[in-house]
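# Per-entry structural report
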Amino acid sequence: MKTMTAAAALAGAFCLIAAPAMAQDHQHHQPAQAPAPAHAHGHAHADFESGRFHVRVDGPEHPVGDVILIPGLSSSPEVWDGLTEQLKGRYRVHRIHVQGFAGAPAEDNATGPVSAPVAEDLARYIAERGLNKAAVIGHSMGGTIGMMLAARHPDSVGKLMVVDMVPFMGAMFGAPGATAESVTPTADQIYAAMANGPEESYRQQAAASVTGMINTESLRAGPLEDAANSDRAVSASAFRELIVTDLRPELPRITAPTTVLYVKFNDPRMTNEMVDGIYGASFATLPSAELKRIDDSAHFIMLDQPAVFAAEVNAFLE
């Protein structure tokens, strides 16, 4: 019973089913090929060639360090606006915009995996930009990308914060002892439904998912718009990849100090203790990780609990 409850809860928490792309490049998001001048909306775009993502950069001329912020599935860099305002006076903040999400053209993410190749290009970005021991903060799918980066390129990451994500989401889609292989048929079914299902059902699921992941009603509009303007095929491929990716065997390779923030699943049958147990077991192969539950918040902690989240980030960075 616990396993099925956890499955339903975590699937609901992470399954941001994006609506079909209505506008591949709407007014709030500049494509990688045509970066806007910094004065237009307060940030500049990094001079970096990639078909996987582009980067918004804010910060002083002489920062105390670099912070890379990675949003989740079908999300935009704008989920980090509040945190960026707090950090950019001291830190150089690099906000990742994954191609295919929130109005950005799909480019190289049009087919196949998304998280793994984004992580590889992030390692290249860090090297080419000469970032020294950057702090990496990833939300949801961004947390998966952060774990991949820190495990596969440990010298690239100075500190890692994972926001409401487990290293093997597929565990919540199968029986106890599930493996990436055993949940692949389920992942394929979910992919097919996301990629090819009726458009109206897809839109309704997107709205319901965003509503369930943000308690603060007044802050749902931006993520709803991001989902509506994400490429359906990219979101479907990315979600399938998350289900079949098991990073638990790779966690011991992470050398960066790691903090994991998480919330109680959006399911009244789940207790704090049950959720704590799931996260403890999920990160058992990285015993040095500091696990912290944030109460009174849904999946988007940075929106529901901005002051608490900022305090945790500041403590993490210091």
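Just so it is clear, the structure is predicted and the values come from calculations on it, not from any experiment. (Residues numbered from 1 in each chain as written. Predicted model: local features only at pLDDT ≥ 70, side-chain atom pairs only at ≥ 80, totals over all residues. Heavy atoms only, no water.)

Counting buried residues along strand β4 (residues 92-98), six of its seven residues qualify, which places the element largely inside the surrounding structure. Two elements, strand β2 (residues 53-58) and β4, share six bridges in a ladder whose sense is antiparallel. Looking across to β4, one finds that histidine 54 is bridged to histidine 97. The sheet contact formed by strand β3 (residues 66-70) and β4 spans four bridges and is parallel. (Buried < 20%, exposed > 50% of the residue type's maximum accessible area, 1.4 Å probe, protein only. Helix = DSSP H or I, 4+ residues; strand = E, 2+ residues; numbered from the N terminus. Pairing = 2+ DSSP bridges.)

With that out of the way, let us pick up the environment of glutamine 305. With respect to the secondary-structure elements, glutamine 305 resides in the loop between α11 (301-304) and α12 (306-317). Other than its neighbours up to four places away in sequence, glutamine 305 contacts Ile294, Asp295, Asp296 and Ser297. Within the structure, the side chain of glutamine 305 is placed 3.0 Å from the backbone oxygen of aspartate 296, a separation counted as a polar contact. (Contact = heavy atoms within 4.5 Å. Polar contact = N/O pair within 3.5 Å; in protein donor to acceptor, adjacent residues only side chain to side chain.)

Right, let's talk about the packing of aromatic side chains for a bit. Counting across every chain of the model gives eight aromatic pairs. Grouped by ring-pair contacts, the aromatic residues Tyr262, Phe265, Tyr279 and Phe283 constitute a single cluster. The positively charged end of arginine 232 is found above the aromatic ring belonging to tyrosine 202, 4.0 Å away from the centroid. (Phe/Tyr/Trp six-rings, centres within 6.5 Å; stacked < 30°, edge-to-face > 60°. Lys NZ or Arg CZ within 6 Å of the ring centre and 35° of its normal.)

The strand order across the open sheet formed by eight strands is β1-β2-β4-β3-β5-β6-β7-β8, and the pairing between neighbours is mixed. With partners counted over all chains shown, the strands left at the sheet margins are β1 (44-45) and β8 (290-293), one partner each. Against the sheet, helix α4 (residues 115-129) engages β2, β3 and β4, with an angle of about 45 degrees to β2. (Axes fitted to C-alpha atoms, helices over the stretch in contact; angles between N-to-C directions.)

Here we take up unusual backbone geometry. Positive phi is not limited to glycine here, since lysine 133 has a value of about 50 degrees. With respect to the helices and strands, lysine 133 occurs in the loop between α4 and β5 (134-139). Of note in this structure, aspartate 296 is not a glycine but carries a positive phi near 55 degrees. Mapping aspartate 296 onto the fold places it in the loop between β8 and α11.

Here the focus is the confidence of the model for the chain. Counting all residues, the mean pLDDT for the chain is 87, and 86% of those residues have values of 70 or more. Low pLDDT, under 50, characterises residues 1-41; the predicted model gives this stretch 108 contacts beyond four residues in sequence or across chains. (pLDDT = per-residue confidence, 0-100.)

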